[in-house]
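# Per-entry structural report
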Amino acid sequence: MVRLHVKRGDESQFLLEAAGSARLAQLAPLAARVYNGRLKVHRLCSEMEELAEHGVFLPYNMQGLTDEQIEELKLKDEWAEKCVPSGGSVFKKDEMGRRNGHAPNEKMQQVIKKTIEEAKALISKKQVQANVCVNMEMVKDALDQLRGAVMIVYPMGLPPHDPIRMEFEDKEDLSGTHAGLEVIEESEAQLWWAGKELKETKLLSDYVGKNEKTTIIVKIQKKGQGAPGREPLISHEEQKQMMLYYYRKQEELKKLEEDDDDSFLNAEWADNHALKRQFHGVKDIKWGPR
């Protein structure tokens, strides 16, 4: 299997395995699916951290309002009584005014936080350094873990307007958000390698040859964005190591220059003819008028 190190820009994302005979018309959408799946996991983790801290999402017409304004407008959160966390809630006001402040108790918070850590680790960018490939099964596993944690803490479910529930139901609206800009539609996905666009009409082996043990760095982006930046000849880490090496070398040279200082040769004890002059009695003769 050919191993693809998928990057977005200069940032590593994940490793993906594919047969050399794979059609690029199918490989590019697969890479986009894994890429978007990882984004979904991270969006869910971010919202679930808020869920653990401040409870469920408020209705849109109540968000950002003070308690006085809510009372004055006679607004009521109908889902607050339906969506109660297991073991009761602990009030912790959301300063952003997005969530109702009825957070799960400490035990249930730990269930959510531990699951978030496990889900993030499963699809982490660190898997690249560990030489572990990420596939859709791993992405689905991470999503299932997160879904299970929410069901444990909120057995009655979440409000239909909660971003977490909308993500699980694939109803999220990312229009006008930074998260929406990060998503690459499968039909718009394009892979580049060594400054070349990998044409959808070709096979992967048309570019990398028949060696199934090859590892290549590919960059994923949207169609029409032009060629991405070429990979640097040396990595950022290698550049740091080289700079550190030359800095140490420079310091060593400075130290050697200091050690080679020959100003001591002007000292009296370093004069090779001092003993001879002493025997001749001309040691301290000074020339000049008195």
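Read on for a plain summary of the structure.

Rules and cut-offs
Residues numbered from 1 in each chain as written. Predicted model: local features only at pLDDT ≥ 70, side-chain atom pairs only at ≥ 80, totals over all residues. Heavy atoms only, no water. Helix = DSSP H or I, 4+ residues; strand = E, 2+ residues; numbered from the N terminus. Buried < 20%, exposed > 50% of the residue type's maximum accessible area, 1.4 Å probe, protein only. Phe/Tyr/Trp six-rings, centres within 6.5 Å; stacked < 30°, edge-to-face > 60°. 1 Å grid on protein atoms, 1.4 Å probe; cavity = no way out; pocket = protein on both sides within 12 Å on 5 of 7 lines; lining within 4 Å. Points joined across faces, edges and corners; volume = space filled by probe spheres on them. Nonpolar A, V, L, I, M, F, W, Y, C, P; charged D, E, K, R; others polar.

A few words now on the environment of Pro155. Here Pro155 lies in the loop between helix H5 (136–153) and helix H6 (163–168). The exposed category is assigned to Pro155, whose relative accessible area is 54%. Sequence separation between Pro155 and Pro85 is 70 residues, and the spatial gap between their C-alpha atoms is 7.4 Å.

With that settled, consider the packing of aromatic side chains. Enumeration over the complete set of coordinates arrives at 2 aromatic pairs. When the ring of Phe57 is compared with that of Tyr60, the centres are 6.1 Å apart and the planes differ by 75°; the resulting orientation is edge-to-face. With a relative accessible area of 53%, Tyr60 lands in the exposed category. Between Tyr245 and Tyr246 the ring centres are 5.3 Å apart and the planes differ by 75°, which places this aromatic pair in the edge-to-face class. A relative accessible area of 49% means that Tyr245 is categorised as partly exposed.

Attention now moves to the layout of surface pockets. Its boundaries defined by the atoms lining it, the largest pocket holds a volume of some 430 Å³. Surrounding the largest pocket, 21 residues form its lining, Leu58, Asp67, Ile70, Lys93 and Asn100 being those nearest its centre. Looking at the lining of the largest pocket element by element, the count peaks at 3 residues for helix H2 (residues 67–72). Considering only residue class, the lining of the largest pocket consists of 7 nonpolar, 6 polar and 8 charged.

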